[in-house]
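Breakdown of the fold
Each chain, letter by letter, is given below.
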Amino acid sequence: MGPLHWKLVVDATDPHAQAAFWAAALRYREEDHSALVRRLLEMGAVPDGVTTTVHGGTEGERLGWRDLAAVRHPDEPYDEDTGAGLGHRILFQRVPEAKTVKNRVHLDLHAEAGARDEEVARLIALGATVLHEVNEPSGSWVVMTDPERNEFCVQ
């Protein structure tokens, strides 16, 4: 047997806003599930209440899942029937409660050599916040949060 396929799942109060932020932050693509959603609605397989119209992004207005949104690496394969990525992807799922404690898992973003400050500025413009900078003998990085206060680091 080969390695397992995986996706990272992040709890969110607004999965579509989180997907838009992280697609821009990582230069990923927001997944477009509109063909699958439309097909399932036409078949009567899902009620209207589980879908929504997603606005904005590079894909424009489209149908999506109300409580789920995902981003995928732009160079990796995806299923054209469902719009789901088949490689590196992050799924954002709606949960009723807001984040209250420190993350147990976080992303480390690696800027190009000498470009960390520009990358931090770009992420701030997208809606991220700087928590603090770390300078240790082992290296230095900036600890930031996304719009829902999930921590991540930029090296």
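Now for a description of the structure that goes with this document.

Cut-offs and rules
- Residues numbered from 1 in each chain as written.
- Predicted model: local features only at pLDDT ≥ 70, side-chain atom pairs only at ≥ 80, totals over all residues.
- Heavy atoms only, no water.
- Axes fitted to C-alpha atoms, helices over the stretch in contact; angles between N-to-C directions.
- Helix = DSSP H or I, 4+ residues; strand = E, 2+ residues; numbered from the N terminus.
- Parallel < 35°, antiparallel > 145°, perpendicular 65-115°, else oblique.
- Left-handed = near helix turned anticlockwise from the far one by under 90°.
- Contact = heavy atoms within 4.5 Å.
- Nonpolar A, V, L, I, M, F, W, Y, C, P; charged D, E, K, R; others polar.
- Pairing = 2+ DSSP bridges.
- Salt bridge = Lys/Arg side-chain N within 4 Å of Asp/Glu carboxyl O.
- Buried < 20%, exposed > 50% of the residue type's maximum accessible area, 1.4 Å probe, protein only.
- Phe/Tyr/Trp six-rings, centres within 6.5 Å; stacked < 30°, edge-to-face > 60°.
- Lys NZ or Arg CZ within 6 Å of the ring centre and 35° of its normal.

**Some remarks on the packing of helix H1 (residues 15–26) against helix H3 (residues 116–126)**
Two numbers describe how H1 lies on H3: the axes approach to 10 Å, and their chain directions differ by 160 degrees. Here H3 runs roughly antiparallel to H1, going by the angle between their axes. Of the two elements, H1 crosses H3, and the hand of that crossing is right-handed. Residue-level inspection shows Phe21, Ala24 and Ala25 of H1 in contact with H3, the latter providing Glu119, Arg122, Leu123 and Leu126. Tallied by class, residues from the contact of H1 with H3 come to five nonpolar, no polar and two charged.

**A closer look at the sheet that holds strand E6 (residues 89–94)**
With respect to topology, four strands assemble into an open sheet ordered E1-E6-E5-E2, the strand pairing being mixed. The open sheet has two free edges, formed respectively by strand E1 (8–12) and strand E2 (29–30), since each of these has just one partner strand. In this sheet, strand E5 (residues 68–72) lies alongside E2 in antiparallel orientation, the contact comprising two bridges. Opposite glutamate 30, over in E5, you have valine 71 as the bridge partner. Across the sheet, H1 touches E1, E2, E5 and E6, and the angle it forms with E5 is around 10 degrees.

**Some points on the pattern of salt bridges**
A full pass over the atoms with the stated rule returns eight salt bridges. One salt bridge connects aspartate 67 with arginine 66, and the closest N-O pair in it is separated by 3.0 Å. Overall, the relative accessible area of 26% leaves aspartate 67 in the partly exposed class. Between glutamate 151 and lysine 99 there is a salt bridge, with the nearest N and O atoms lying 3.5 Å from each other. Here the residue glutamate 151 occupies a position in strand E10 (residues 151–154), and lysine 99 occupies one in the loop between E6 and strand E7 (107–109), the gap between them amounting to 52 residues. Exposure remark for glutamate 151: the relative accessible area of 15% places this residue in the buried category. Exposure remark for lysine 99: the relative accessible area of 33% places this residue in the partly exposed category.

**Side note on the pairing of strand E8 (residues 129–136)**
Here E8 runs beside strand E9 (residues 139–145); their pairing, made up of seven bridges, is antiparallel. Considered in E9, the bridge of valine 130 is made with methionine 144. Turn length for the E8-E9 hairpin, with the two strands adjacent in sequence and antiparallel, is two residues.

**With respect to the packing of aromatic side chains**
Here the structure, examined in full by the defined rule, presents three aromatic pairs. Aromatic side chains phenylalanine 21 and tryptophan 22 sit 5.1 Å apart centroid to centroid with 90 degrees between the ring planes, which places their arrangement in the edge-to-face category. Measuring from ring centre to ring centre gives 5.0 Å for tryptophan 22 and phenylalanine 152, while their planes differ by 70 degrees; the resulting arrangement is edge-to-face. Separated by 130 residues along the polypeptide, tryptophan 22 in helix H1 and phenylalanine 152 in strand E10 bring together distant segments of the chain. Grouping residues by exposure puts tryptophan 22 and phenylalanine 152 together as buried. Just above the ring of tyrosine 78 sits the side chain of arginine 72; from NZ or CZ to the centre is 4.0 Å.

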